[in-house]
Amino acid sequence: MDELRKKARALLEAGEVRVVIGYGGGTGDRARAIFVREPERADELIFDGRCRQNLAIYLTRREVKELGKPAIVATLPALKTVLQLAGEFQIAEGGLVVLAPGADGSLIEFKTFADIEKYLAGAASPIDPAEQAEMDRVRAMSPDERWKYWLGQISRCIKCYACRQACPMCYCPRCTVECNQPQWIPVPSHELGNLEWNVMRAMHLAGRCVDCGDCSRACPVGIPLYLLNRVLIGDIESNFHQRAGMKAEVDYALSTFHPDDRENFIR
Amino acid sequence: MPEFEPRIVAFVCNWCTYAGADLTGTSRIKYSPNVEVIRFPCTGRIDFMLLLKAFAEGADGIIISGCHPNDCHYTSGNFHARRRWILFRGLLDFMGIDVERVQFSWVSAAEGAKWADVVNTTVEAVRKLGPYENFRKIDRAGAV
Ligand code: SF4
Ligand code: SF4
């Protein structure tokens, strides 16, 4: 933490960045995103197990962009997000400083996207055992059971769109759910519209989702959105050998193709 | 009770399958009238949401058809579509949506007989599966 605070202070003092996007103490025992703009406030930065939000979400937010060049405190999923956003031309090399604090108080400063790529290639992304168990359970169900399972889940959706708001890859200024010519997603939260919304959210993130889990954590009714994301992540890996957030270049599963892609389901 | 007549919606591309279906007609090949054909510029233009909308509007089965690989009028629309369908099928299946009711095919402008066959076999397969009740039963109170 000391390393992080020292670095943040130095960056702000030198005018190298205008804002440090990091974690600070929130209400109760929570950590929350803070935007440090004065060097003397650098000591408000914290980093511990409570710091889970993917802060890369703020990199594309206009209010934050207007503050000037940022430094971002990045967890592993946030590093992937940085690369994915770079691959989608949302951020540029040199346009930000990336700081990755370790649990042991160490700090890595990434100078280039290539350095992040190298780091990620050697880093493991463990999957929560409880979430894996839920995935295995749903996969083992019959199609009819799966249908009932998902209908049960999505009937609880209140269409608050917190899952979209929390997602660092959902940065479109105008989302399809706000389009009403035609109205792809009905406004009221009935089962049909909820189903359409959840399928659309998952599909629009196919090949782009970095599996940070923020959508699931943001959902006020606890719909396991990570399951939908991971089915697509798994299919993309097994069919196309691609993974979002591993390269700072366009390598998005649905914007590329291979002439020999599988077609055993096509007549 | 009258026999169940499946309602099949076909999303086809303008350049190959639509022309192929036209050839089926001009060749006077008789095929199942259960299909409603909707023409698109390209398979790449067929948004996955249209499939959900078709089911929501009462389709029992869906056909998606376009140019064979390397024959796309826009060079690569069908290649992109193929990737999208690989992922979409997996997602639908995981959510318990009946992917057997969705038939994908490549039918060129010269394959009038193949089009008749694709339609006929899809209609018979869906006839066996029965009406798509799951989708019809979804609550849509307040739907616009
Ligand atoms: S879809 Fe969810 S898990 Fe994937 S990047 Fe967005 S918030 Fe993270
Ligand atoms: S956060 Fe949950 S309740 Fe809100 S729209 Fe997303 S899935 Fe529905």
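Values in this document were obtained by computation on a predicted structure and should not be read as measured data.

Scoring rules and cut-offs
- Residues numbered from 1 in each chain as written.
- Chains lettered and ligands numbered in written order.
- Predicted model: local features only at pLDDT ≥ 70, side-chain atom pairs only at ≥ 80, totals over all residues.
- Heavy atoms only, no water.
- 1 Å grid on protein atoms, 1.4 Å probe; cavity = no way out; pocket = protein on both sides within 12 Å on 5 of 7 lines; lining within 4 Å.
- Points joined across faces, edges and corners; volume = space filled by probe spheres on them.
- Helix = DSSP H or I, 4+ residues; strand = E, 2+ residues; numbered from the N terminus.
- Nonpolar A, V, L, I, M, F, W, Y, C, P; charged D, E, K, R; others polar.
- Domains from an automatic or database assignment.
- Pairing = 2+ DSSP bridges.
- Axes fitted to C-alpha atoms, helices over the stretch in contact; angles between N-to-C directions.
- Contact = heavy atoms within 4.5 Å.
- Near = heavy atom within 4 Å.
- Salt bridge = Lys/Arg side-chain N within 4 Å of Asp/Glu carboxyl O.
- Buried < 20%, exposed > 50% of the residue type's maximum accessible area, 1.4 Å probe, protein only.
- Buried area = accessible area lost by both parts, 1.4 Å probe.
- Polar contact = N/O pair within 3.5 Å; in protein donor to acceptor, adjacent residues only side chain to side chain.

Draft legend 1. Main features of the layout of surface pockets. Residue and element names in this part refer to chain A. Taken as a whole, the largest pocket spans an internal volume of roughly 840 Å³. Looking at the lining of the largest pocket, the elements that each hand over two or more residues are α3 (76-87), α9 (214-218) and α10 (225-240). Of all the elements, α10 adds the most residues to the lining of the largest pocket, at six residues. Taken together, the residues of the lining of the largest pocket sort by class into 13 nonpolar, eight polar and eleven charged. When residues of the lining of the largest pocket are sorted by domain, at least three fall in each of domain 1 (2-121) and domain 2 (129-255).

Draft legend 2. Region of interest: the sheet that holds strand β2 (residues 35-40) of chain B. All names here are of chain B. Here we have four strands laid out as an open sheet, ordered β2-β1-β3-β4, and parallel in their pairing. A strand with exactly one partner marks an edge of an open sheet, and here the two such strands are β2 and β4 (102-106). When strand polarity is set aside, the average angle formed by the axes of neighbouring strands in this sheet is 20°. Where strand β1 (residues 8-13) lies against β2, six bridges are found, and the strand directions are parallel. Note that in β2 the partner of F11 across the bridge is I38. On the sheet, helix α1 (residues 17-26) packs against β1, β2 and β3 (61-66) and is oriented at approximately 115° with respect to β1. In the packing of helix α4 (residues 112-129) onto the sheet, contacts are made with β1, β2, β3 and β4, and the angle to β3 comes to roughly 160°.

Draft legend 3. A look at the site of ligand 1. If you check the shell around ligand 1, you find C167(A), P168(A), R201(A), L205(A), C209(A), V210(A), D211(A), C212(A), G213(A), D214(A), C215(A) and N229(A) and nothing else. Looking at the shell around ligand 1, its residues break down into seven nonpolar, two polar and three charged.

Draft legend 4. Structural context of the pattern of salt bridges. Inspection of the entire model under this criterion finds 29 salt bridges over all chains. The closest approach of N and O atoms between R208(A) and E88(A), which form a salt bridge, is 2.9 Å. With R208(A) in the loop between α8 (191-204) and α9 and E88(A) in the loop between α3 and β4 (97-101), this pair connects stretches of sequence that are 120 residues apart. By relative accessible area, which is 15% here, E88(A) ends up buried. When the shortest N-O distance is used, the salt bridge between R217(A) and D214(A) registers 2.9 Å. Here the residue R217(A) and the residue D214(A) both occupy positions in helix α9, the gap between them amounting to three residues, near one helical turn. For R217(A), a relative accessible area of 39% translates into the label partly exposed. On the basis of relative accessible area, D214(A) is assigned to the buried category, the value being 7%. Bridged by salt links that share partners, the residues E3(B), E5(B), E124(B) and R127(B) form one connected network.

Draft legend 5. Spatial organisation of empty space enclosed by the protein. Residue and element names in this part refer to chain A. On inspection of all chains with the given rule, the structure shows four cavities of 30 Å³ or more. Counted as a void, the largest cavity has a volume near 90 Å³. As for the largest cavity, its lining consists of 13 residues, and the residues nearest its centre are C157, C160, C163, C219 and I223. Taken together, the residues of the lining of the largest cavity sort by class into eleven nonpolar, one polar and one charged. The volume enclosed by the second largest cavity comes to roughly 70 Å³. Looking at the second largest cavity, the residues that line it are C167, P168, M169, R201, L205, C209, V210, D211, C212, D214, C215 and N229. Among the residues making up the lining of the second largest cavity, the classes are represented as eight nonpolar, one polar and three charged.

Draft legend 6. Layout of the interface of chain B and chain A. At the junction of the two partners, chain B supplies 43 residues and chain A supplies 47 residues. Roughly 4300 Å² is buried in total at the junction of chain B and chain A, and carbon and sulfur atoms are behind 70% of that figure. At the surface where chain B touches chain A, the tally comes to five salt bridges. The interface formed by chain B and chain A contains 20 residue pairs in polar contact (both at pLDDT 80 or more). When residues of the side of chain B that touches chain A are traced back to their parent elements, those giving at least two are α2 (48-56), α3 (77-94), β4, α4 and α5 (133-136) of chain B. Per element, the largest residue contribution to the side of chain B that touches chain A is 14 residues, and it comes from α3(B). Here the side of chain B that touches chain A is composed, by residue class, of 23 nonpolar, nine polar and eleven charged.

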